[in-house]
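# Observations on the three-dimensional arrangement
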Amino acid sequence: QQQVKQSPQSLIVQKGGISIINCAYENTAFDYFPWYQQFPGKGPALLIAIRPDVSEKKEGRFTISFNKSAKQFSLHIMDSQPGDSATYFCAASRSFGNEKLTFGTGTRLTIIP
Amino acid sequence: DSGVTQTPKHLITATGQRVTLRCSPRSGDLSVYWYQQSLDQGLQFLIQYYNGEERAKGNILERFSAQQFPDLHSELNLSSLELGDSALYFCASSVAMADYGYTFGSGTRLTVV
């Protein structure tokens, strides 16, 4: 019940396109859903996060869509750029992020010119 | 620089040996989390400390132990090392009830030969 399932495993998107990564969770006690971006040789860095009281959160080109009834959330990257090429992890936790994060398996995103 | 410092960055050691990984959290952060990242298993939660006390335990092997000191830095001790322990070990820190999630360090890459 602690799993977070992430898809796709890898994604290739043309520059300027929209990148979409999906996650699904099982534990209804989760109340904090962040997305992390990781570049090779670096630690994951928080990109954007959402709580279940809202259905969408936007920060610049990055948007989280959240569907509480379906227990799914997704990351949309608009106008994708080569600099967005990285591995993206969704995660979930309880207590608004003050407990351990359970991570998805990651999506390797490649933006091609 | 994320503010979370991990040392050493790389470590090569032989099977059966013991190593200590060190983490200094971001100034003001009371919680420290340790994660293991391997190619086939993603980011796996090991253990959490909050203000010197163990708060939560994940899939941490009995050969592994950790502690958080009064100055809030933390150490992860790995003993009787096996080839399968080769991975990236990340430390993250957070402050209680904050809405910005964790801050990860750059990790320690452990190679067991």
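The structure this text deals with has already been given above.
This text gives an overview of the structure that appears in the document.

Cut-offs and rules
- Residues numbered from 1 in each chain as written.
- Chains lettered and ligands numbered in written order.
- Predicted model: local features only at pLDDT ≥ 70, side-chain atom pairs only at ≥ 80, totals over all residues.
- Heavy atoms only, no water.
- Pairing = 2+ DSSP bridges.
- Helix = DSSP H or I, 4+ residues; strand = E, 2+ residues; numbered from the N terminus.
- Axes fitted to C-alpha atoms, helices over the stretch in contact; angles between N-to-C directions.
- Core = buried A, V, L, I, M, F, W, Y, C linked by side-chain atoms within 4.5 Å.
- Buried < 20%, exposed > 50% of the residue type's maximum accessible area, 1.4 Å probe, protein only.
- Contact = heavy atoms within 4.5 Å.

What follows is about the sheet that holds strand 8 (residues 74-78) of chain B. Hydrogen bonds between backbone atoms are what pair the strands of a sheet, whose relative direction is either parallel or antiparallel. Residues and elements named next belong to chain B. Here we have four strands laid out as an open sheet, ordered 1-3-8-7, and antiparallel in their pairing. Edge positions in the sheet fall to strand 1 (5-7) and strand 7 (64-68), since each has one partner strand and no second. Across the sheet, the mean angle separating the axes of adjacent strands is 15 degrees when strand polarity is ignored. Pairing between strand 1 and strand 3 (residues 19-24): three bridges, direction antiparallel. Note that in strand 3 the partner of glutamine 6 across the bridge is cysteine 23.

Formed by 24 residues in total, the largest nonpolar core has its most connected members in Phe33, Trp35, Phe73, Leu75 and Tyr88 of chain A. Of all the elements in the fold, those that place two or more residues in this core are strand 2 (10-14), strand 3 (19-25), strand 4 (33-38), strand 5 (45-50), strand 7 (62-67), strand 8 (72-77), strand 9 (86-92) and strand 11 (107-112) of chain A. With four residues, the top contributor of residues to this core is strand 9 of chain A. When neighbours within four sequence positions are excluded, tyrosine 88 of chain A is seen to be in contact with Gln6, Ile21, Tyr36, Gln37, Leu47, Leu75, Ile77, Gly106, Thr107 and Leu109 of chain A. In terms of nonpolar packing, the next biggest core, distinct from the first, is built from 21 residues, Val32, Trp34, Ala87 and Tyr89 of chain B among them.

All names here are of chain B. Its location among the elements puts leucine 88 in strand 9 (residues 87-94). Under the relative-accessibility criterion, leucine 88 is labelled buried at 15%. Apart from the residues lying within four places of it in its own chain, the contact partners of leucine 88 are Tyr35, Gln36, Gln37, Thr108 and Arg109.

In this section: the sheet that holds strand 6 (residues 56-59) of chain A. Residues and elements named next belong to chain A. Strands sit in the order 1-3-8-7-6 across an open sheet of five strands; the sheet is antiparallel. Edge positions in the sheet fall to strand 1 (4-7) and strand 6, since each has one partner strand and no second. Within the sheet, the average angular offset between the axes of one strand and its neighbour, ignoring direction, is 15 degrees. Across four bridges, the pairing between strand 6 and strand 7 is antiparallel. The residue of strand 7 that forms the bridge with lysine 57 is isoleucine 64.

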